[in-house]
Amino acid sequence: MSSKSLPLNTRAKTTALKQPRELFTYYRDINGEYHYENAETEAMSYYYLPDSSIDQGIDLQSGYSKFKKIPEEDNMRPFEYLLKAIKKYELKEGKKISSDIITFRGIMTKIMSIPYNLSDPLDLYVLAYDGQIFISFDIDLEIQRRNEQEERIKLTNTPEKYQYIKKCEYSGYKFETIATIPKPWSQVSRSIIESRTKKSTNNYEQYLSVIKTGIGQVKLTLAGEIDCCWDYLPDESSKRLNHYVELKTSRIIENNMQVINFEKKLFKTWCQCFLMGIGKIIYGFRDDNLLLRNVEFYNTEEIPLLIKNNPLTDPPNPKTGISNGGRKINCTNALKWYGAVVEWINNSIDKNDESKSYRLKYDPVRKSFTLSETSDEMNQSLRNGDIISKEFDEWRQSLKK
Ligand code: 0WD
Ligand code: CA
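Residues numbered from 1 in each chain as written. Chains lettered and ligands numbered in written order. Predicted model: local features only at pLDDT ≥ 70, side-chain atom pairs only at ≥ 80, totals over all residues. Heavy atoms only, no water.

Once that is clear, we can look at the coordination of the calcium ion (ligand 2). In a perfect tetrahedron of four donors around a metal, the angles come out at 109.5 degrees. In a perfect octahedron of six, they are 90 or 180 degrees. In this structure, Asp227 (OD), Glu246 (OE) and Leu247 (O) serve as the protein donors to the calcium ion (ligand 2), at separations of 2.3 to 2.5 Å. Donor residues for the calcium ion (ligand 2) sit on one chain with the sequence pattern D-x18-E-L. (Donors = N, O, S within 2.8 Å, 3.2 Å for Na, K, Ca; no water.)

Right, dumping it as structure tokens:
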């Protein structure tokens, strides 16, 4: 195979799913250092936002100038730390993780939502190593795209508008700060709870969960960030996923067009949470002054029906021709696409052939989804640090002896 493509209308016949189960966790601290022990006590936070505080209209832009933001480049090479964490887990278990595919949840979210995000490009690297498939972003391209987009936003907006857009981004992280506490409620002092709106906001701190899941015949290990916990963490890590919460912010919804846009966002959030078995999604809605106006709670499992039953996003009426401007989102359809992609990758790549690597690309201009061999040079570089670290390679070699 030098290149092959998967038609965008391919769907898996069945979507037999394995219930996702957590294997282990790790975390990144405020200084950007990673830690592999005690993530639960050191880094997990808990949702707590009583109605009385929401009613006060919390200002989600306050503290903007003190935002401790991780430089994009420092946030874009997550594989090294994931593989370190996997090594530690495997060392404890005395054997390697039994998965066909190992990757980040964010990558699978992007693949899964392609049918309803046809204009966003996606460029990934895929390689077989030690009998397993590893998938990563094309990080250089991703950084370049982000920089170009940043430039575009700067050039096409007034400095005031640009500042406002940045504040909107910030408001999402700020919402996380004001909606969570560092320990379960019973263990947190009143002063910590009351001083939250003044606490500084950062996007360094991250709690990461690594889970095992499967679709059809394919077993996957996915790593992803968890925002907080709903109530308490069961001791047994395999029972935790349903207690995890994804936090999001969005502008308050006032017209039909905004309903359609919100539904698209909700669909992507559903993909993100469904893939890891995260049980709850909490949206903070803000107005144009970035004041928090209300909060909505969703159970991940109820979203497919919520979208299906929304009359405002029904397909165009065949009699009147009146359209909502978009294609009706169907979560099961996206899941069948995802199942087909995973199966296709798993069947197309010889897991024991370490002589090649592949580019997996969704091209929004040609509307094509292709897998093609990379250059030898790229293959070497992916296997020597870009994805597979020396430490991980030495570890896996030692397991074979
Ligand atoms: O392959 C990946 N998904 C990558 C992961 C590529 C580059 C970096 N990373 C790192 C990031 O540190 C990321 O936070 O791994 C972490 C976990 O990855 P994930 O859970 O697979 O990522 P995803 O599901 O796309 O995003 C989860 C959260 C985001 O929350 P929202 O509510 O916006 O979905 O991770 C954060 C963000 O808070 N995040 C980032 N923050 C800053 N810069 C970035 C980024 N590039 N990507 C994700
Ligand atoms: Ca979030």
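Here Thr109 is to be found in helix 5 (residues 105-112). On the accessibility criterion, Thr109 (10% relative accessible area) is buried. Leaving out residues up to four positions away in the same chain, Thr109 has contacts with Lys268, Cys271, Gln272 and Leu275. (Helix = DSSP H or I, 4+ residues; strand = E, 2+ residues; numbered from the N terminus. Buried < 20%, exposed > 50% of the residue type's maximum accessible area, 1.4 Å probe, protein only. Contact = heavy atoms within 4.5 Å.)

Contacts to ligand 1 come from 22 residues, most closely from Asn75, Arg105, Gly106, Gln206 and Lys248. A distance of 2.8 Å is found between an oxygen atom of ligand 1 and a backbone nitrogen or oxygen belonging to Glu225. Contact between ligand 1 and Lys248: an oxygen atom at 2.7 Å from a side-chain N or O atom of the residue. Alone, ligand 1 offers 760 Å² of accessible surface; in the complex the protein occludes 80% of this. Class assignment for the residues of the shell around ligand 1 results in nine nonpolar, six polar and seven charged. (Near = heavy atom within 4 Å. Polar contact = N/O pair within 3.5 Å; in protein donor to acceptor, adjacent residues only side chain to side chain. Areas by Shrake-Rupley, 256 points an atom, 1.4 Å probe, with all protein chains shown as cover. Nonpolar A, V, L, I, M, F, W, Y, C, P; charged D, E, K, R; others polar.)

Here the focus is the environment of Leu6. Of note, Leu6 is situated in the loop between strand 1 (3-5) and strand 2 (17-28). In sequence terms Leu6 and Leu371 are 365 residues apart; their C-alpha atoms lie 8.4 Å from each other. Aside from chain neighbours lying at most four places away, what touches Leu6 is Trp337, Ala340, Val341, Trp344 and Phe369.

Take the layout of surface pockets next. Its boundaries defined by the atoms lining it, the second largest pocket holds a volume of some 430 Å³. Along its surface, the second largest pocket is lined by 21 residues, and Gln19, Pro20, Phe274, Gly277 and Ile278 are the ones closest to its centre. Of all the secondary structure elements, the ones that give two or more residues to the lining of the second largest pocket are strand 2, strand 9 (206-215), strand 10 (218-226) and helix 9 (256-276). With four residues, the single largest contributor to the lining of the second largest pocket is strand 2. Taken together, the residues of the lining of the second largest pocket sort by class into eleven nonpolar, eight polar and two charged. (1 Å grid on protein atoms, 1.4 Å probe; cavity = no way out; pocket = protein on both sides within 12 Å on 5 of 7 lines; lining within 4 Å. Points joined across faces, edges and corners; volume = space filled by probe spheres on them.)

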